[in-house]
Amino acid sequence: MHATQWSMKSRYAVAVLCTALSASGGAQNPVVLDGPPAPIAPAVISRSTTGQATIRAIKLTAPLKLDGVLDEEVYAREKPFDGLIQVAPDFGQPATERSDIWVTYDEQNIYVTCRCHDKAPPDQWIVNELRRDTGGLRNNEHFGVLFDTFYDRRSGFAFYTNPLGARADYSVVDEGGSNTDWNPVWTSKTGRFDGGWTVEMAIPFKSLRYIAGPNQVWGLQMRRSIRHKNEWDYLTPVPRIQAGPQALNRVSSAGTLVGLDLPAAGKNIELKPYAVARSTTDKLRKPPVNDAFTNEIGGDIKYAVTPNLTADLTLNTDFAQVEIDEQQVNLTRFSLFLPEKRDFFLEGRGIFDFGRGGSGAFGGGGGGGGGSDTPSLFYSRRIGLNSGAVIPINEGGRLTGKLGPWAIGIMNIQTANDPTSATKATNFSVVRLKRDVLQRSSIGMMATNRSVATAGIGSNSAYGVDGAFLLSQALTVGTYWAQTSTTGVRGDNQSYQGRVDYSVDRYGAKAEFLSVGKNFDPQIGFRRRSDFNRSYAELRFSPRPAHMPNVRKFTWTGSGEYVANGAGSVDARVLESRFGAEFASSDQLNVDLTHDYEFLRQPFTPSGSPTAIAPGGYSFSDVAVSYTFGAQRRASGAIRLQGGRYYDGTIRSLSLGSGNAFSPSRIAILQRLAVEPTFTITSIDRPGASFTTRIARARVDYGFSPLMFASALLQYSSIDRAFSTNLRFRWEYAPGSELFLVYTDERDTTDDRYATATTVRGLKNRAFVIKINRLLRY
């Protein structure tokens, strides 16, 4: 047989097999396709009877010229493919606008090109974002792609852009939450034509992890948002419950990309040295510091040990460019969770998730815990931070990736001694191993250790095992067991959890049991509370009314929670009922009714309260009503009213502009200028102890270009009477290389009525930083 014929038939065989595997959800149980076989080496695209797509990549002999014009010869020679499928608003129907798509590659890059037709005039398009990796970008018109480069149907790399050329990218591990702080080098150029817009993406193979060689197969999913219609389109069918942007993370639903003859990865070494100069004033230190000038150098090294295993080394780590934390009001008796914002800890964080329990689940990893009672073994803010003080990091190393079915995460960080905060030099170690089992399930273990415990005496370690079992597209089961060891502490040091979650578009049900021992204390993790056993159950009904065109979905949810301490006495009982309506405009209305019983075993002082709430049992109820304006609107965000009882008093609260992390409140003043405002006022009346708290925040962003932006975060909190300013300028002057200018200050606004002898009036601290780094790739 002629070699060319064999190659063509081999590629087609791979395409048919991969399409069958896609339809079955994995490699263990292939299915037989119905109907006659497609032609040998399909010109562009073929589909199975279930709608799964197989795409042929086009190999180029010369690089594309990225300019958004689409005048290269390949676009006339090679036929594009179309056929995107709606997931919203008309699930399963063809997209209302045509998309002409090409996937091409050469020895350096893989290219994705789309001619996005749109019958609406450009002034009706939702296009108002230039910043990179912002949540607002996915609420613009945009086109994106996800590559499952190891074709494991679990993890992948996503890229998308809007008509302005703004870029966003993220990685997905085990179909979990997206890590938007993965920032690879890639390029996109966009253009306009009479009847739509165009985009050309060039993604260097050096920015990806893959297996080299001929006839490689990747998973492929594509997403187009026609935001002015509130329409979401995908290359292959996805579950309806994921209607919207999140369906791109369902890697197991992706199509198949064949015809890839991939180059060898080479050395794949990245060096990123940096230099920083700063001027610092801190009047809270003893003695105070005024306009002290310092400078330092450091850097990061990244090395691809294997195509899917990466080693990182950081020396004299600096996070001067990181935005400050947002002010919060804590009206609970438990610790607040603050998100991680430092790049080194954010990249690859999905591998360090523990006890996550599949999509939608348990608190985890570098970000873990959140507002949940579920503790996490690893919470990266325990490293390099102590009670708001920044602790210097001397050096650190990390190894992350996969070896066959094994996911590996190893981290070791050494922090310096810091006399100012009385923090001793400490070594932090984390080891995470996880093995793929079945089609979309995993089992794993984690161990952590800090050489100096938080008390400054002895050490602390934690270890555990977990499992996440995705038994079907709708049914997930998760579990974990963990134990800690702290010098001088014995017994009652375990935690475990079991959870079942059934979720389809119309119905849902959850059940969970969680136990946390009194002495369970993961000191590189996050723990809101201890010494309790928690039982939780939830039912959901989400019909889509066929005869109400202005309503996409109603949702009724009812839940019950029972918490007892280790001795079996009740700590809390919570009954909650929620009604929600999602409208065709993307606006949402929610009504929450909550009845709460809590038993306080010791006095509790809410933030801002002049006196403590006495121990004892309290039964109280409240109602909250919120209306959220769709994120595609020029002015978006939420209005929320709350009223009812609060322990031995009453509570009234008004919040304006508080959306969520992916769709924050936002006012697009100009195409390049936007403001994200938030204001919350809470009034609590208690016998002899009434008080009011206020939080005001405004984030202002101006995009000069997709590679340059300036932002300001202004905040005021009445609790500590502090006004803070954080101004940042970022310019990516070369691919992966950046210049940062950062100004931060905090001022005390206490007036004479509340000032004490120790109050520092006016300026408390101030810093101005210039930082530059340079990416070198080999």
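Asker: For this particular structure, what's the right way to read the overall build of the protein chain?
Answerer: Along its length, the protein chain carries 3 helices and 43 strands. Looking at the protein chain residue by residue over its 778 residues, the buried ones come to 52%. Carbon and sulfur atoms form 58% of the exposed surface of the protein chain, whose accessible area is close to 33,100 Å².

Asker: Looking at this structure, I do not really get the nonpolar core. What am I missing?
Answerer: One recurring pattern in soluble globular proteins: nonpolar side chains tend to sit buried together. Ranked by internal contacts, the top residues of the largest apolar core, which has 38 residues, are I110, F143, F147, F159, W218, M222 and L257. Elements supplying a minimum of two residues to this core: β2 (53-56), β5 (99-105), β6 (109-117), β7 (142-148), β8 (156-161), β12 (196-204), β13 (213-226) and β15 (255-262). If sequence neighbours within four positions are ignored, L257 has contacts with I55, R56, A57, V103, I110, F147, Q216, V217, W218 and L220. Residues I383, M446, L514 and V516 belong to the second largest nonpolar core, which totals 23 residues.

Asker: I'm lost on the side chain of S253 in this one. Help?
Answerer: Its location among the elements puts S253 in the loop between β14 (231-234) and β15. Owing to a relative accessible area of 6%, S253 belongs among the buried residues under this scheme. Setting aside residues up to four positions removed in sequence, S253 forms contacts with Q52, R153, Q221, T236, P237, V238 and P239.

Asker: Which parts of the structure should I look at to understand the layout of surface pockets?
Answerer: Empty space among the atoms becomes visible once a probe the size of a water molecule is rolled across them. In this structure, the second largest pocket occupies an estimated 450 Å³ of space. Considering the residues around the second largest pocket, the lining is formed by 17 residues, among which R333, F334, R529, S530 and Q602 are closest to the centre. Class assignment of the residues belonging to the lining of the second largest pocket gives a composition of 5 nonpolar, 4 polar and 8 charged.

Asker: Would you mind showing me how to read the sheet that holds strand β11 (residues 187-193) here?
Answerer: The pairing of strands in a sheet happens through backbone hydrogen bonds and is either parallel or antiparallel. Read from one edge to the other, the open sheet built from 5 strands follows the order β3-β5-β6-β12-β11, with strand pairing classed as mixed. The open sheet has two edge strands, β3 (58-59) and β11, and neither has a second partner. One ladder, built from 9 bridges, connects β6 with β12; its direction is antiparallel. From the neighbouring strand, V112 faces β12, where its bridge partner is M201.

Asker: For this particular structure, what's the right way to read the confidence of the model for the protein chain?
Answerer: For residues with low pLDDT, the predicted coordinates do not support detailed interpretation. Here the protein chain shows a mean pLDDT of 86. Residues at 70 or above account for 89%. Predicted confidence for residues 1-41 stays below pLDDT 50, and this span has 56 contacts to residues more than four positions away or in other chains. Ignoring residues within four places in sequence, the model shows residues 357-371, a span with pLDDT below 50, making 48 contacts including any to other chains.

Asker: Help me understand the packing of aromatic side chains, please; the structure alone is not making it clear to me.
Answerer: The relation between two aromatic rings is expressed through the spacing of the ring centres and the mutual angle of the planes. Inspection of the entire model under this criterion finds 27 aromatic pairs. Between Y463 and W481, the aromatic rings sit 6.4 Å apart at their centres with planes inclined by 55 degrees, giving tilted as the arrangement. Highlighted residues: Y463 in strand β25 (residues 460-470) and W481 in strand β26 (residues 475-486), separated in sequence by 18 residues. An aromatic cluster of at least three residues, connected via ring pairs, comprises Y507, F541, F554, W556 and F579. Here the basic side chain of R529 rests over the ring of F532, its NZ or CZ set 5.0 Å away from the ring centre.

Asker: What is the right way to read a nonpolar patch on the surface from this model?
Answerer: Together, Y463, V465, W481, Y496 and F513 line one region of the surface with nonpolar side chains, adding up to about 430 Å² of accessible area. Structurally, the position occupied by V465 is in strand β25.

Asker: Sorry, what's going on with the pattern of salt bridges here?
Answerer: Where charged atoms from two side chains of opposite charge approach closely, those side chains can pair. Scanning the model with the defined rule gives 48 salt bridges in all. Residue R115 is joined to D100 by a salt bridge in which the shortest nitrogen-to-oxygen separation is 3.4 Å. One end of the pair, R115, is in strand β6; the other, D100, is in strand β5, and 15 residues separate them in sequence. Since its relative accessible area comes to 7%, D100 is described here as buried.

Rules used throughout
Residues numbered from 1 in each chain as written. Predicted model: local features only at pLDDT ≥ 70, side-chain atom pairs only at ≥ 80, totals over all residues. Heavy atoms only, no water. Helix = DSSP H or I, 4+ residues; strand = E, 2+ residues; numbered from the N terminus. Buried < 20%, exposed > 50% of the residue type's maximum accessible area, 1.4 Å probe, protein only. Areas by Shrake-Rupley, 256 points an atom, 1.4 Å probe, with all protein chains shown as cover. Core = buried A, V, L, I, M, F, W, Y, C linked by side-chain atoms within 4.5 Å. Contact = heavy atoms within 4.5 Å. 1 Å grid on protein atoms, 1.4 Å probe; cavity = no way out; pocket = protein on both sides within 12 Å on 5 of 7 lines; lining within 4 Å. Points joined across faces, edges and corners; volume = space filled by probe spheres on them. Nonpolar A, V, L, I, M, F, W, Y, C, P; charged D, E, K, R; others polar. Pairing = 2+ DSSP bridges. pLDDT = per-residue confidence, 0-100. Phe/Tyr/Trp six-rings, centres within 6.5 Å; stacked < 30°, edge-to-face > 60°. Lys NZ or Arg CZ within 6 Å of the ring centre and 35° of its normal. Patch = residues over 30% accessible without salt bridge, like charges linked within 9 Å, V, L, I, M, F, W, Y side chains within 5 Å. Salt bridge = Lys/Arg side-chain N within 4 Å of Asp/Glu carboxyl O.

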